[in-house]
Every structure is written in structure tokens, then in C-alpha cells.
2 protein chains.
Amino acid sequence: MRTIGLEDIEDIALGSSLLGSGGGGDPYMGKLEAIAAIKEHGPVTVLDVDEVGDEWTVAPICGVGAPSVSLEKGTNGIEYEKVRAMMERMLGAKLDAFLLSEAGGLNSMVPISAAARAGLPLIDADGMGRAFPGIQQDTFTLNGVSTDPFVIADEKGNCTVLYTVDNDWTETIGRAVTSACGGQVITLASPMSGAKMKTSVVVGTLSYAQRLGRVIRTAASAHGESPESFFLRESGAYRFFKGKISDVLRETRDGFNFGRVRLDGIGDDKGSQAVVEFQNENVYAEVDGAIVATVPDLICLVDSETFVPVTTENLKYGKRVLLVGLPCDAAWRTPAGLELAGPRWFGVDVEYRPLEECYAAFAQARRA
Amino acid sequence: MRTIGLEDIEDIALGSSLLGSGGGGDPYMGKLEAIAAIKEHGPVTVLDVDEVGDEWTVAPICGVGAPSVSLEKGTNGIEYEKVRAMMERMLGAKLDAFLLSEAGGLNSMVPISAAARAGLPLIDADGMGRAFPGIQQDTFTLNGVSTDPFVIADEKGNCTVLYTVDNDWTETIGRAVTSACGGQVITLASPMSGAKMKTSVVVGTLSYAQRLGRVIRTAASAHGESPESFFLRESGAYRFFKGKISDVLRETRDGFNFGRVRLDGIGDDKGSQAVVEFQNENVYAEVDGAIVATVPDLICLVDSETFVPVTTENLKYGKRVLLVGLPCDAAWRTPAGLELAGPRWFGVDVEYRPLEECYAAFAQARRA
């Protein structure tokens, strides 16, 4: 058992943004809220998965919507109490702890705010080990956890509860509600026992994010090596490309941000081009017309000097970025994981190859 | 107290279709279902408003969606049990009776099916005295009844509950859920006490519909006068135009059917043209370019020979129809009523004039 205080917020937000793979929301508004919540209610208790009682009732909390909307439409605060009160009413029982739905800038901060305000502990785990656009794209679904009741609250005070025939329908109806509510909401769903949670999560997401955040924050002052090589070595990220953003196409549609970004190579990559397609999160990356990495592995764009992750809604012409990849959790490399979040789910008709293999082939081709 | 048996279904469906003003859904599928429900569970007890206990809990039930969808996508049957179970769970109390949300072909039948299946009485009243497209356009809203909890069930088994900050938000979010569920759902909402119901409804809708239905059914065998004059006299409808449908524009958008129908005059109206615009229900009617009737009064197209109402989803090229009007309930002619369902709510920038005045002016102009 440990706590999250004000001094931990920055690293968790930074590292979670990297894990967000372009999605999970810009952390700025979420940080302000988490800081305010901790100042008012005190530090948040963080529990390791094995510190959670098997008989507890726990549930993941997050923001859902188009990340571009979250930049302009913050939460009101009432959403946290609304979703918890409704969840406990539907369960006829109190919640014992929150966990993260996904790793992402905004979505690492939302559970901290919720836990601080409710005086509940936060479990060091999430349901993706990254961020995905679909509500049903999580390890809870992979492990047979129903989203019922899926509770949605908006900043105006509207509260919606969904009981669905499967988690795909939760995505369909929940997305429609999210759009109707203005494109960004808070959700609390998929309540489960502590025992079920232990076999259905990606373990240690908060502490992993915090370590990654520290790497990003300290890279510039690395001793004896370049900041970039420090960042890559310490984060374990695979470097595919360095370039300047020369074009961004972006569309908010059906409650998602769809788009693509083009990079013109700089430094060693001068003369080459890279493209990254996204649906909230980055879906695949191409270098000179060849796909070099795909979901469910993590595809991330980070500032080429500070290594601060650039979420898809913050992509801007002229920005210099590194295109890097991180391997996804093993759950996503199973047949069921690939069916739920592999390239074909996103309409990209290629066979999935693990990032490590992709990188080896890419590096070899570059040397040739 | 009386009952609705198999022999009453046809007249109620016919008359309700007239009151539906083009909307409220085609009654065909609803009739089949109501007949099946009465055959299985027996006749439905109908209560006059003053037979309802003040302390009872009652709620209106109906189908919501684009009427064109209801032609192809029937109910499954599970919706009725789903919405009632969820409503009673949220209230922590049993329902004592259903009432009609609106008068309309399908939406007069849905409450009969629901009452038969649940073994609950049905109150001879509704919340519009006609049909309107918006969920919030009812006399319950006019009388301060919240839709909370607004319970939605689809034929797949999905169930959604809305608690909203006002009934306009129920329309916005409820419509989005309806579209996501495939465009047609069953809803149970706006629970209220018997006492509140008594001051918040249009009284006697079912029996009024049944009388109108009998008029339509027997018009063809009228003695000593033409079927048309019998129909007009007995129904109290104002006759504006007789024509042949020469064009229908129809669009399903945002969960509604929008469109317009053009009539080329026949008989005495030869050489003239009429146009009716609709949003699920008929919104206004023009004859030779001048508006002759608007919401909230009832604008109806009926078959020129059989007087069977033609709902907007059944408008077809070549069909011969009478354009008639019926005065709306007095609640809709108040300032609050006109704000909620007058021409300007529908984007038609004209001042409302009561149908009787409109007709007098129209008849005078025709004579001149």
C-alpha cells in the first residue's frame, strides 16, 4: 500500500500519455482536476492487485468520448458522485475500490480524481495496458466480464444506465449516448469481485506509467549519453522514425476522432516519409509506404526533444516528433485479443506481427 | 370499468390512426400483437380517469422511433417485461396501471399489449390527444412531470435507463439510444401518482378513438347521405382538400421521418395543389401556396373512399386522399402548449391560428 500525492501526478500523467498510444486524452485538464481533488481530499491510497480482497466489489472508471472534445469540455465534478451513486444503487452494494479502465493521459487522472473525492482506494491495474477507442476493447471483455450496469454521467447532470446483451452493444449504445451528451462523459461500469479482477486486468499500470513518466522527465538531463538514447533505453521503446509533421487530417465522427498524420523525415530519416492513421488512438504506422507497426502494439508519437507524448488531438503542423513503439500486453496477442483489437477490427487488412519482429525486419531493411 | 376485447381492436386502431395525425405508427403490426396478447392473457380492463386511485403509481408506455422502421422491425415481446421490471426496480414499487403516451395507430396498440401481458389495467387517457414526434411534447411535460426514469428496451434485450436534467434532454439522449438500438424501441417513463395523472392527461382518448374508428368503419354503408359527408359530420373533421398524391419526399434522419407530400386536386379541387410537410406527424398543410392548418391541430390524410387514415410512412404515389383537420386538445393552445408543440417548435415561422378559424378563412376564400 502506498499513496499518490501531488508530487506523483506529473510522472503518472506523462507516462500514461505514452501508454495511451496517441489516445486516452490529453492529461492537462485531468491533471488540474486530480491536483484539486488531492488538495481538497488528501492523497489517494494505491493498492497492488494482491492487496485487494477477493470478496470486494471494484469497478473501472474513465472518461469516454472524442479526445478533441475533452480539450474544450472539462468535467463538472458532479459526474463522479453521480456514477458512483447510481452504480451502488444498481448493485445494492458499496464499491470498495476503483481501478483504471485504460492507460492514457486523461484516463489516468480521472480515476485519481474519483478515488480522492470518494475516499476509496485505487488499484494499480487497468483493463488495457494502453488505450483503445472501443468501450468493449478491454481485458474485462476478454475475461467474460459484462459491462452491466454501464453508468454514464455528463457535466450537465444527465445520468444513463445501460444493461446490454453484450459488450459490443454497450459500445454502440454508449457511444450514441456520449455523442448526445456532447462528446465527452464519465463512465463507471463492469463491476466485478476482487477475485475476478485479479485474473482480468493488466497489472501494475499506474506504477509502470509513473516509471515511464520519470524517464521522460529526466531524459533531458541524462549524463554520458544523448537524451534520445536515454529515453529509448530506459523506456524500452523501439524507434522507427524522426520527422516533422507535414499534414494532419482529422475528423470527429460517430463520437470518435479519426485521422492521419504525415511526417517528413529529418536527420537520419531525411528523404523518407511516415504516415500514422488513428481512431482516437494510433492504429498503424507506415514508413515509405510499408506498414511497420500495428495495433494492438503501442504506436506513439513523442516530441523529438522532450519526449513528451503527443496525443492525436494535439498533432500540429511543423511539430518534430519521434515515432516509437512499445509491445502490448500479452493478452492482446492471443487469438481472442487480436479479434477484439487487432488490425482487422480497425479495418486494416493485414496480419498482425508482434512489434519486436516488425522492428527487426524494419531495422534490417534500413541497413540493407 | 369496462374491457377491451378482440372485437374492439379494429376500431381503436383505426380511430387512433386518425388522431395520430400521420404519425403514431402504422397499426398493422401493433394489432397483430395486441390480438395475440388478448388471446393469450384475456381482455384488458379499461379504467376511466376517475376510477384510478390517487395513491396509485401509473406510467405511460409507447413505441418510440421512426415510424418507417416500425413497419419492418416488430417487437420481440421481451420489451414489455423488460421496461416494467426496470421501472419497478428503479421505483422500488409496483405499477398499478398503464396509460397511453400518445394516440396513434401503433401507439394505441402497444399499451393494450403491455396491459394484457402484465395483467394491469389501462387508463382511458393519453399525454397528447394526438401524436407528436418529440418525447417531451406531452401534457405530462406541460404539467411538470419528469420523464425520470425513462426506460427503453429494444427487441434484442438491451435496456437503457435515463435520468435527465429536463425532458428536452430525455428527447436528445433517448432519441440517440433509439437510433443506436435500430430505430424503434419500447419506452416506459414518467411515472406519476394517480392524483397527478388526473390533472396531467388528455381524458378519454381510448374511447374517443374507438368512436372515431366506428365512424370510419361504417361510413361506406351510410344511409341517405354520401360516405364522405357521413364521415365528416360524425368525426367532426374539417375538409380542406381532395387530391391524388403526385410526389412524396421522405428522409429518415436523427431517428425521425422527415418529408413532404404533394397532392394534385381531384373533383372540386381539380387544378389546385396541396402540400403537407411532416416530421413523423404532419406539421402543416398548404393549399395553392397558402398555409391552411398547422400543429398543434391535427392534420390528417385519409383514403378518399374508405377514410382509413394514411400514416406518413404509408404515403404512396397515386393514392387518392382527403386532407382533413381536427382541433387539438385545449392544453396545446395555451402559451406553454404552443411553445412546446406550436409551428415554431417545428421551424415553421408562422403564428398559430386555431383550426376552426383557419377553416373559416379557407372556406370563405374558396367561395370568393
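Attention here is on the structure that accompanies the text. Quantities reported herein were computed from a predicted structural model and do not represent experimental measurements.

## Section: the overall build of chain A
Of the regular secondary structure elements, chain A holds twelve helices and 18 strands. For chain A, whose C-alpha radius of gyration is 19 Å, the value lies close to the compact-globule estimate of 21 Å for 368 residues. When its C-alpha atoms are laid out on the principal axes, chain A stretches across 65 × 45 × 35 Å. Burial status across chain A gives 62% buried among its 368 residues. By sequence separation, contacts in chain A at least 24 residues apart represent 73% of the contacts at least 6 residues apart. Total accessible area on chain A is roughly 13,400 Å²; 51% of this is exposed by carbon and sulfur atoms. When the 34 positive and 50 negative side-chain charges of chain A are each reduced to one mean point, those points stand 5 Å apart.

## Some remarks on the pattern of salt bridges
One side chain can pair with another of opposite charge once the charged atoms of both are near each other. Residues and elements named next belong to chain A. Under the criterion given, the structure shown has 52 salt bridges over all chains. The partner of R217 in a salt bridge is D11, and the shortest N-O contact between them spans 2.6 Å. A residue pair is termed long-range when its members are at least 10 positions apart, and R217 in helix α9 (residues 205-218) and D11 in helix α1 (residues 6-19) qualify at 206 residues. When its relative accessible area of 4% is taken as the criterion, D11 is described as buried.

## Overview of the relation of the copies chain B and chain A
For the pair chain B and chain A, the relating rotation is 180°, the translation along its axis is 0.0 Å, and the fit reaches an RMSD of 0.0 Å. Considering both components of the superposition, the chain copies are consistent with a two-fold axis. Comparing contact sets, 100% of the residues at the interface of chain B also lie at the interface in chain A, consistent with an isologous, same-surface contact.

## Some remarks on the interface of chain B and chain A
Interfaces are often sized by the amount of accessible area the parts lose when they come together. Of the residues lining the interface, 20 residues belong to chain B; the matching set on chain A comes to 20 residues. Of the roughly 1,800 Å² buried at the junction of chain B and chain A (both faces included), carbon and sulfur atoms supply 62%. Scanning the region where chain B abuts chain A turns up zero salt bridges. Run the count over chain B and chain A and you get nine residue pairs in polar contact (both at pLDDT 80 or more). Counting residues per element, the ones that place at least two in the side of chain B that touches chain A are α4 (78-91), β8 (159-163) and α7 (167-180) of chain B. Among the elements that take part in the side of chain B that touches chain A, α7 of chain B stands out by supplying six residues, more than any other. Considered class by class, the residues forming the side of chain B that touches chain A number 13 nonpolar, five polar and two charged. When strand β8 (residues 159-163) of chain A meets β8 of chain B, the two strands line up antiparallel, connected through five bridges. Residue pairing across strands places C159 of chain A opposite Y163 of chain B, the latter belonging to β8 of chain B.

## Notes on the pairing of strand β15 (residues 281-287) of chain B
All names here are of chain B. Most of β15 is tucked away: seven of the seven residues are buried. Adjacent in sequence and paired antiparallel, strand β14 (residues 273-279) and β15 are bridged by one residue, among which N280 carries a positive phi angle near 60°. As paired elements, β15 and strand β16 (residues 290-294) share four bridges and run antiparallel to each other. Of the residues in β16, the one forming a bridge with A285 is A293. In textbook terms, the turn of a hairpin is the stretch between consecutive antiparallel strands, and for β15 and β16 this stretch comprises two residues, one of which, D288, has a positive phi near 50°.

## Some details on unusual backbone geometry
For the bond from V295 of chain A to P296 of chain A, the omega torsion is 0°, close enough to zero to count as cis. As for its placement among the helices and strands, P296 of chain A is situated in the loop between β16 (290-294) and β17 (298-303).

## With respect to the sheet that holds strand β12 (residues 238-253) of chain B
Residue and element names in this part refer to chain B. Taken together, seven strands build an open sheet; the order of strands is β16-β15-β14-β13-β12-β18-β17 and the sheet is antiparallel. Since the sheet does not close on itself, it has two edges, and those belong to β16 and β17 (298-303), each with one partner. Strand-to-strand twist of the sheet, defined as the mean angle between neighbouring strand axes without regard to direction, takes the value 35°. Note: β12 against strand β13 (residues 256-265), ten bridges, orientation antiparallel. Each residue of the ladder has a partner; that of G243, found in β13, is G265.

## Side note on the packing of aromatic side chains
Here the structure, examined in full by the defined rule, presents 16 aromatic pairs over all chains. Here Y238 of chain A and Y359 of chain A contribute two aromatic rings whose centre-to-centre distance is 5.1 Å and whose plane-to-plane angle is 55°, an arrangement assigned as tilted. Here the residue Y238 of chain A occupies a position in strand β12 (residues 238-253), and Y359 of chain A occupies one in helix α12 (residues 355-367), the gap between them amounting to 121 residues. On the accessibility criterion, Y359 of chain A (25% relative accessible area) is partly exposed. Judged by centre distance (5.2 Å) and plane angle (55°), the rings of F240 of chain B and F362 of chain B are tilted. Taken as a pair, F240 of chain B in strand β12 and F362 of chain B in helix α12 (residues 355-367) lie far apart in primary sequence, 122 residues in all. Through a chain of ring-to-ring contacts, the aromatic side chains of Y238, F240, Y359 and F362 of chain A assemble into a single cluster. One residue, R130 of chain A, lies across the ring of F132 of chain A, its end atom 4.0 Å from the ring centre. Between the NZ or CZ atom of R253 of chain A and the centre of the ring of F258 of chain A, over which it lies, the distance is 4.2 Å.

What counts and how
Residues numbered from 1 in each chain as written. Chains lettered and ligands numbered in written order. Predicted model: local features only at pLDDT ≥ 70, side-chain atom pairs only at ≥ 80, totals over all residues. Heavy atoms only, no water. Helix = DSSP H or I, 4+ residues; strand = E, 2+ residues; numbered from the N terminus. Rg over C-alpha atoms; globule rule 2.2 N^0.38 Å. Buried < 20%, exposed > 50% of the residue type's maximum accessible area, 1.4 Å probe, protein only. Contact = heavy atoms within 4.5 Å. Areas by Shrake-Rupley, 256 points an atom, 1.4 Å probe, with all protein chains shown as cover. Lys, Arg positive; Asp, Glu negative; His and termini not counted. Charge placed at Lys NZ, Arg CZ, Asp CG, Glu CD. Salt bridge = Lys/Arg side-chain N within 4 Å of Asp/Glu carboxyl O. Least-squares fit on C-alpha atoms with pLDDT ≥ 70 in both. Buried area = accessible area lost by both parts, 1.4 Å probe. Polar contact = N/O pair within 3.5 Å; in protein donor to acceptor, adjacent residues only side chain to side chain. Nonpolar A, V, L, I, M, F, W, Y, C, P; charged D, E, K, R; others polar. Pairing = 2+ DSSP bridges. Axes fitted to C-alpha atoms, helices over the stretch in contact; angles between N-to-C directions. Phe/Tyr/Trp six-rings, centres within 6.5 Å; stacked < 30°, edge-to-face > 60°. Lys NZ or Arg CZ within 6 Å of the ring centre and 35° of its normal.

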